[in-house]
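# Structural overview
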There are 2 protein chains.
Amino acid sequence: MRTLFFTTVVCLFSIGCTNSGNENDRFARLFSGEARVIDLTHSLNNSSPYWPSLDGNPFKHEIIAAHPSGAAILAAYSTPEHFGTHMDAPIHSADGQATVDQLQAADLFGPAAVVDISAKCESEPDYLLSKNDLLEWEEQYGKLPDGAIVLMYSGWSKKWTDYEAYKNQDEMNRMHFPGFSAEAAHFLVNERNIRGIGIDNFSIDYGLSTDFAVHKIFNGAGKYHLENVANVHLLPAIGAYLIVAPIKIDGGSGGQVRIFAVVP
Amino acid sequence: MRTLFFTTVVCLFSIGCTNSGNENDRFARLFSGEARVIDLTHSLNNSSPYWPSLDGNPFKHEIIAAHPSGAAILAAYSTPEHFGTHMDAPIHSADGQATVDQLQAADLFGPAAVVDISAKCESEPDYLLSKNDLLEWEEQYGKLPDGAIVLMYSGWSKKWTDYEAYKNQDEMNRMHFPGFSAEAAHFLVNERNIRGIGIDNFSIDYGLSTDFAVHKIFNGAGKYHLENVANVHLLPAIGAYLIVAPIKIDGGSGGQVRIFAVVP
């Protein structure tokens, strides 16, 4: 009896401490360099893809002073806020909403939900993520977590270093890349509790959009967008946590963002 | 005997689970918006302090399209990499070391150690943080944690919105603000295991420096610097954890950085 009791208590103790030991490690590992962290940020350079315009590439990085190797000692750059891996702050499409500097850590750190529709997008570059795609995701992985940052993976990030393929313009110069549908946007804003959304191409509105309706739905509801997100294909559908760190510009409509994903 | 045994085991069990319950919460709270997170980043604008030069303020933020309220729909900016709250990547002062885009999360997330020497700096603006200041800190708080990011608090961040006081130039235009001593730098690089350092003023080398010796010691050892760090006075001496998120510029010698401190 005493042996049984002893064994039971030791087992409980071990289970308790194994589970909590893992969780304990989780915070500690994040700050010891042992956590698995994936960088969802494309690095910026003078060849990074830009929204097609007559003015050419608006990003310019210039070395001011260099080492003998040619590496920068000092450099400067100029860029639109909405270039490279960046955030659209809520104000971008909705007057009165938050500017990029007003977003707090509580808005910027949250669980990721990754919706991979790359197979559909491969055959249909004008594909719009539907409400049904989200419901199918929920059937498989459960309800979108509270405060989720919903990342759509279209497969476009693999074209990042091929500008022609990334913008995918037709003979009328219309771009063809996938986006969120208005129906999916309304669903996420009204029927789920999300922090923001992201996409691995130029815009959360698809390439053919002229009214940017989906921008207005999300930003109008105070949600931010992450655009040109990298490495989304390396994330699990559920279980990653995002650290979203935008450049802090007073009154900015958005800006370059560093995004880290902590994965199990 | 059995009662004593039972009590002992239950106590052990409870202690184990209370500690780990807290730790469990710690990771979860970080991504639920409940953690206390302090932003160590000054926001950028056209009046932000700049390293004195004949060319005037090199930071320029311009609104390209505006809402009826005047708020930005789209904006662009140009800036030196080393402006505002920013990082000096190791390459900045040491050819062959890492550029800003090469630093990984394992380099960028770590425990903070805050050395407050603001009282000394108030009476002596040319004060250099000494090895002894670090040893005194260790007497009080224990050895600097492995992988620490050592933040010096000089009190200068409170002058951020007063450019004259922040640069504190004399009649010869020499700046007067505190920094790290070479002795302290050698100690941190050779006798402790740190990720990087930070300071709440223009430069880790004090205002009178002309050779930037301390830059060469830290960068030469592959360590990064954080300069113009905000809100350091809100951190505990020990117990905060930093998330350091620099803009990801290919080959950048540094860049604007968003720094979040998770505090107990």
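Notes on the structure follow. Computed from a predicted structure; not experimentally measured.

### Examining the overall build of chain A
Scanning chain A from terminus to terminus reveals seven helices and 12 strands. When the backbone C-alpha atoms are referred to their principal axes, chain A occupies close to 85 × 55 × 40 Å. The buried share of chain A, reckoned over its 264 residues, is 49%. The long-range fraction of contacts in chain A, counting pairs at least 24 apart against all pairs at least 6 apart in sequence, stands at 73%.

### Topic: the sheet that holds strand S2 (residues 60-66) of chain A
Read across the open sheet, the four strands follow the order S2(A)-S3(A)-S3(B)-S2(B); overall the sheet is antiparallel. Two strands close off the open sheet at either side, each with one partner strand: S2 of chain A together with strand S2 (60-66) of chain B. Shown here is a sheet whose adjacent strand axes are inclined to one another by a mean of 15°, direction ignored. Relative to strand S3 (residues 72-80) of chain B, strand S3 (residues 72-80) of chain A runs antiparallel, the two sharing five bridges. Directly across from A:Pro80, in S3(B), lies its bridge partner B:Ala76.

### Remarks on the pairing of strand S7 (residues 148-153) of chain A
Residues and elements named next belong to chain A. Taking burial as the measure, the six residues of S7 include six buried ones, the bulk of the element. Alternating positions in S7 separate into two faces, Ala148, Val150 and Met152 on one and Ile149, Leu151 and Tyr153 on the other, with burial throughout. For strand S5 (residues 109-116) and S7, the ladder comprises five bridges, and the chain directions are parallel. Opposite Ala112, over in S7, you have Ile149 as the bridge partner.

### Section: the relation of the copies chain B and chain A
Under the fitted operation, chain B is carried onto chain A by 0.0 Å of movement along the axis and a turn of 180°, and the coordinates agree to an RMSD of 0.0 Å. One copy is carried onto the other by what is essentially a two-fold rotation axis. Proximity to the rotation axis, assessed at the C-alpha, singles out B:Ser78 in chain B; its C-alpha lies 1.9 Å from the axis. When you check the interface residues of chain B against chain A, 98% turn up at the interface there too, and the contact is symmetric in its surfaces.

### Focus: the pairing of strand S1 (residues 36-39) of chain B
Residue and element names in this part refer to chain B. By the alternation rule, side chains of S1 split into Val37 and Asp39, which are all buried, and Arg36 and Ile38, of which none is buried. Where S1 meets strand S12 (residues 254-263), four bridges bridge the pair, whose relative direction is antiparallel. Paired with Ile38 across the strands is Ala261, a residue of S12.

### Overview of the interface of chain B and chain A
Taken together, the contact pairs 65 residues of chain B with 64 residues of chain A. Elements with a minimum of two residues in the side of chain B that touches chain A: helix H1 (2-30), S1, S3, helix H2 (105-108), strand S5 (109-116), strand S11 (238-246) and S12 of chain B. At 13 residues, H1(B) tops the list of elements feeding residues into the side of chain B that touches chain A. For the side of chain B that touches chain A, the class distribution of residues is 31 nonpolar, 24 polar and 10 charged.

### Some details on unusual backbone geometry
Residues and elements named next belong to chain A. With a phi close to 65°, Asn173 is a non-glycine residue in the positive phi region. Within the secondary structure layout, Asn173 lies in the loop between helix H5 (163-167) and strand S8 (179-180). Of note in the backbone geometry, Phe212 takes a positive phi value of approximately 50° without being a glycine. Given 15 C-beta atoms within a 10 Å radius, Phe212 is considered partly exposed.

### Brief notes about the packing of helix H6 (residues 182-190) of chain A against helix H7 (residues 213-220) of chain A
For any two helices packed against each other, the geometry is given by the interaxial angle and the distance between the axes. Residues and elements named next belong to chain A. Direction vectors running N to C along H6 and H7 enclose 5°, while the axes themselves pass 9 Å from each other. As far as their axial angle goes, H7 and H6 are roughly parallel. Across the interface between the two elements, Ala182, Ala185, His186 and Val189 from H6 touch Ala213, Val214, Ile217 and Phe218 from H7. Considering only residue class, the contact of H6 with H7 consists of seven nonpolar, one polar and no charged.

### Examining the environment of B:Val189
Considering the arrangement of structural elements, one finds B:Val189 in helix H6 (residues 182-190). On a C-alpha basis, the gap between B:Val189 and B:Lys223 in space is 8.3 Å, while along the polypeptide they are 34 residues apart.

### With respect to H7(A)
Those residues of H7(A) that sit buried are A:Val214, A:His215, A:Ile217, A:Phe218 and A:Asn219. In this fold, the buried residues of H7(A) make contact with strand S4 (86-88), S8, H6, strand S9 (194-199) and strand S10 (224-227) of chain A.

### Observations regarding the environment of B:Arg26
All names here are of chain B. Along the chain, Arg26 turns up in helix H1. Under the C-beta neighbour-count criterion, Arg26 is labelled partly exposed, with 19 such atoms within 10 Å. As a C-alpha pair, Arg26 and Pro264 span 238 residues in sequence and 8.8 Å in three-dimensional space.

About the criteria used
- Residues numbered from 1 in each chain as written.
- Chains lettered and ligands numbered in written order.
- Predicted model: local features only at pLDDT ≥ 70, side-chain atom pairs only at ≥ 80, totals over all residues.
- Helix = DSSP H or I, 4+ residues; strand = E, 2+ residues; numbered from the N terminus.
- Buried ≥ 20, exposed ≤ 12 C-beta atoms within 10 Å, placed from the backbone.
- Contact = placed C-beta atoms within 7 Å.
- Pairing = 2+ DSSP bridges.
- Axes fitted to C-alpha atoms, helices over the stretch in contact; angles between N-to-C directions.
- Least-squares fit on C-alpha atoms with pLDDT ≥ 70 in both.
- Nonpolar A, V, L, I, M, F, W, Y, C, P; charged D, E, K, R; others polar.
- Parallel < 35°, antiparallel > 145°, perpendicular 65-115°, else oblique.

These figures come from the coordinates and say nothing about function on their own.
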